[in-house]
Amino acid sequence: MKRIIREHWGTCECGKEIYRYTLENNSGASVVLGSVGAAIVGVNVPDRDGKLADVVIGYDKADSYFADGPCAGKCPGRYANRICKGRFTLDGKEYELPVNNGPNHLHGGPKGFQNKVWDSRIDGDAVEFMYFSEDGEMGYPGNLKVVARYEWSEDNELRLTFTAQTDAKTVVNLTNHAYFNLNGEGSGTVLDHVLRLNAAEYLPTDDTLIPVGASEPVAGTPMDFVLPKALGKEIKADFPALNYGKGYDACWLIDGYTEGQLSEAAELYSPASGRCVKMFTTQPGIQVYTGNWLDGCPEGKNGHIYHDYDFVALEAQHYPDSPNHPDYPSTVLEPGQTFEQAIIWAFGVKAD
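Residues numbered from 1 in each chain as written. Predicted model: local features only at pLDDT ≥ 70, side-chain atom pairs only at ≥ 80, totals over all residues. Heavy atoms only, no water.

Where do I start with the pairing of strand β11 (residues 126-133) in this structure?
Looking along a regular strand, one sees the side chains alternate between the two faces of the sheet. In terms of residue burial, β11 counts as a mostly covered element, since six of its eight residues are buried. Sheet topology places strand β10 (residues 119-123) next to β11; five bridges connect them, and they run antiparallel. Considered in β11, the bridge of Arg 121 is made with Glu 128. The hairpin turn running from β10 into β11, its antiparallel successor, is two residues long, and Gly 124 in that turn takes a positive phi close to 65°. Relative to strand β12 (residues 144-152), β11 runs antiparallel, the two being bridged by eight bridges. Directly across from Val 127, in β12, lies its bridge partner Tyr 150. (Buried < 20%, exposed > 50% of the residue type's maximum accessible area, 1.4 Å probe, protein only. Helix = DSSP H or I, 4+ residues; strand = E, 2+ residues; numbered from the N terminus. Pairing = 2+ DSSP bridges.)

Here's what the structure looks like:
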């Protein structure tokens, strides 16, 4: 790693200082991180001609990261994605969470981890963010300590490792909500981007995007990305999952998932720039969201105004509403256990 730069980026209303970190490797490619929501603020990587561009959604002002609709680049929690009607039961006790997405609870609620200023530090060649969530915060049981550790390699691989511990039985689902436009932020639509998913099944949902039960095969449906396909090819198809979300906003089951093991989840490629990103994770699912509701979000970097379908989010995570589906991989964390999950984004280029 060539260098890590830490700079003061603002002060939150609570009085806590906000910091921004730039991790640059020897080739000049870099990642920018922010302590609001342990966010990925920028990723500057080369195209097929070697030209660097920032390929993730974001804002110039730290204040814009609080309560933004897209949850741009941040780490939502305590439970990423949706919990049906904001309710789940643990050991016979029902917990009630704030409802902030139609009838459901989304991304830990309106005061979720994504809207908090995390403690931060440089640790060798990495940057670590820490957040302590108190028992009862947003309705969740247990005091929970979460650490998000980012590392940036000479090969343009960004690694995020989550660890968490609790003092009482609770539920946890953590991800990063980065959105990508491999032509560069502010360059327009991503519907020409080509996506491949290592996923032969997805989770059908009701019209509030809560899973209705068992997974179904993608074969023969617009949800099939087993072979690479442009995001826009079937996004307007008359299909329930697309009608409900005005585009893709669903969870796919990663083929060959084995607890604790890294597996390839996805590859996104832009024919225009030649940039690609492969995504690896230890998590069982990947939520793909094609930025269907980006209109009206805060002003973007460099004064850019973002619109629907200008970015796509690839969120490695456990399945939505898992606490209410005992047949899904468990999101329960108990005292004495350590939640540990990893996500790797490997950036590169493809020839014409």
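Additional details are given in the paragraphs that follow.
Would you take a moment to explain the packing of aromatic side chains for this structure?
Here the distance between the centres and the angle between the planes together describe a pair of aromatic rings. Considering all chains together, one arrives at 18 aromatic pairs under this definition. Pairwise contacts between aromatic rings join Trp 9, Tyr 59 and Tyr 65 into one cluster. The cationic tip of Arg 6 hangs over the ring face of Tyr 19; the distance from NZ or CZ to the ring centre is 3.7 Å. Here the basic side chain of Lys 350 rests over the ring of Tyr 269, its NZ or CZ set 4.9 Å away from the ring centre. (Phe/Tyr/Trp six-rings, centres within 6.5 Å; stacked < 30°, edge-to-face > 60°. Lys NZ or Arg CZ within 6 Å of the ring centre and 35° of its normal.)

Explanation requested: the state of the cysteines in the structure shown.
Enumeration according to the criterion identifies one disulfide in this entry. Its sulfur unpaired, Cys 251 is 16 Å from the next cysteine sulfur, which belongs to Cys 84. (Disulfide = S-S within 2.5 Å.)

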